[in-house]
Amino acid sequence: MAEITASMVKELREKTDAPMMECKKALTEAGGDMDKAEEVLRVKLGNKASKAATRVAAEGVVSINISADGKLGSIIEINSETDFVAKNDDFLKLGADCAGLVAAKNPADVAALSVLSLGEGTVESTRMALVGKIGENMSLRRFQRIAAQGKLASYIHGGSKIGVLVDVVGGDEQLAKDLAMHIAASKPKSLDASGVSAELLDTERRIAIEKAREAGKPEAMLEKIAEGTVQKYLKDVTLLGQVFVKAEDGKQTIEQLLKAKGASIASFVLYIVGEGIEKKVTDFAAEVAEQAAAAAAAAGSK
């Protein structure tokens, strides 16, 4: 059998971008034949893509696309299993390409986006090929497309982990940039009170009443206290009610800032990678011990 050298493994990895151990196994199976080993990997990577699809993808990036005139834009979150893969150039290109397709083709949902043409195939075939190539699950999670009433501004923060797209009517470029940065920093839930769900407000009201009751406040005051708490909550979670992060006096709200600049916000989108996805917490030591026990059991059965 031909000797499988480190340089052979490196060459195959550079050609396929497959994991190093998979390259070594493929070369061994192919008896050192590079072309055959590549074929072996192509077969195995398809299976790997299927297995990877069952794993949680809670890392990833936010990609944004804005037209030259600032009138049309899109924002998309694509996920991977690890932050390492989220930095992969092919993965980043997939996000950028998909953001461009959302802006250009206006798909109704992720399923519609997945069947759009991309490269030599579709978005889905490109995604699957990349899953196979890297050996890690990836998914297109969500996107939005905005046809601006004013002009779009964007902000990407933390290695593309937080992305903002905001439609600002009036004002200037600096104001739009400041607003996008503020949204990324303060993470409002909605533009104003109308965008906050009644369920959230009811929850805040119930908590406030129970806290006031435990503090010994008179029953007649509980509703008034609760209403004050809800109003404070709304100022904290609505963009217009929040204090501008760059306010020199520490008091000016976004609503006041916009009024002073003769501007308004038509809409905004804030994506935080992995938000709402239940991540699997792995006990590494326990996992290693479990794998060692399984290997020992397998050896003992031979």
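Cut-offs used in this document
Residues numbered from 1 in each chain as written. Predicted model: local features only at pLDDT ≥ 70, side-chain atom pairs only at ≥ 80, totals over all residues. Heavy atoms only, no water. Helix = DSSP H or I, 4+ residues; strand = E, 2+ residues; numbered from the N terminus. Contact = heavy atoms within 4.5 Å. Areas by Shrake-Rupley, 256 points an atom, 1.4 Å probe, with all protein chains shown as cover. Pairing = 2+ DSSP bridges. Axes fitted to C-alpha atoms, helices over the stretch in contact; angles between N-to-C directions. Expected span 1.5 Å × (residues − 1). Buried < 20%, exposed > 50% of the residue type's maximum accessible area, 1.4 Å probe, protein only. Arc of directions from axis to C-beta.

Caption draft 1: Representation of the overall build of the chain in the model. What the chain contains, in helices and strands, is 12 helices and 8 strands. At a minimum sequence separation of 6, the contacts of the chain that also span at least 24 residues come to 63%. A total of about 17100 Å² of accessible surface is found on the chain, and carbon and sulfur atoms cover 53% of it.

Caption draft 2: Expanded view of the sheet that holds strand β5 (residues 138-147). Within the open sheet, the 3 strands sit side by side as β1-β2-β5. Their pairing is antiparallel. Because the sheet does not close on itself, it has two edges, and the strands there are β1 (59-66) and β5. Each neighbouring strand pair of the sheet contributes to a mean axis angle of 15°, computed without reference to strand direction. In this structure, β1 lies alongside strand β2 (residues 72-80), joined through 8 bridges in antiparallel fashion. Residue pairing across strands places Gly60 opposite Asn79, the latter belonging to β2. Contacting β1, β2 and β5, helix α5 (residues 89-105) crosses the sheet at an angle of about 145° to β2.

Caption draft 3: Highlighting unusual backbone geometry. The phi dihedral of Asn106 falls on the positive side, at around 50°, and the residue is not glycine. Its location among the elements puts Asn106 in the loop between α5 and α6 (110-114).

Caption draft 4: How the structure looks around helix α9 (residues 198-214). With 17 residues, α9 ought to run about 24 Å at 1.5 Å a step, and its terminal C-alpha atoms sit 24 Å apart, in line with that. The complete set of buried residues in α9 reads Leu201, Ala208, Ile209 and Ala212. Burial along α9 is one-sided: seen end-on, the buried residues are contained in an arc of 100°. Along α9, exposed side chains directed more than 90 degrees from the buried face belong to Glu199, Arg206, Lys211 and Glu214. Contact partners of the buried residues in α9: α10 (222-237). One or two residues past the end of α9 sits Gly216, with phi positive at roughly 85°.

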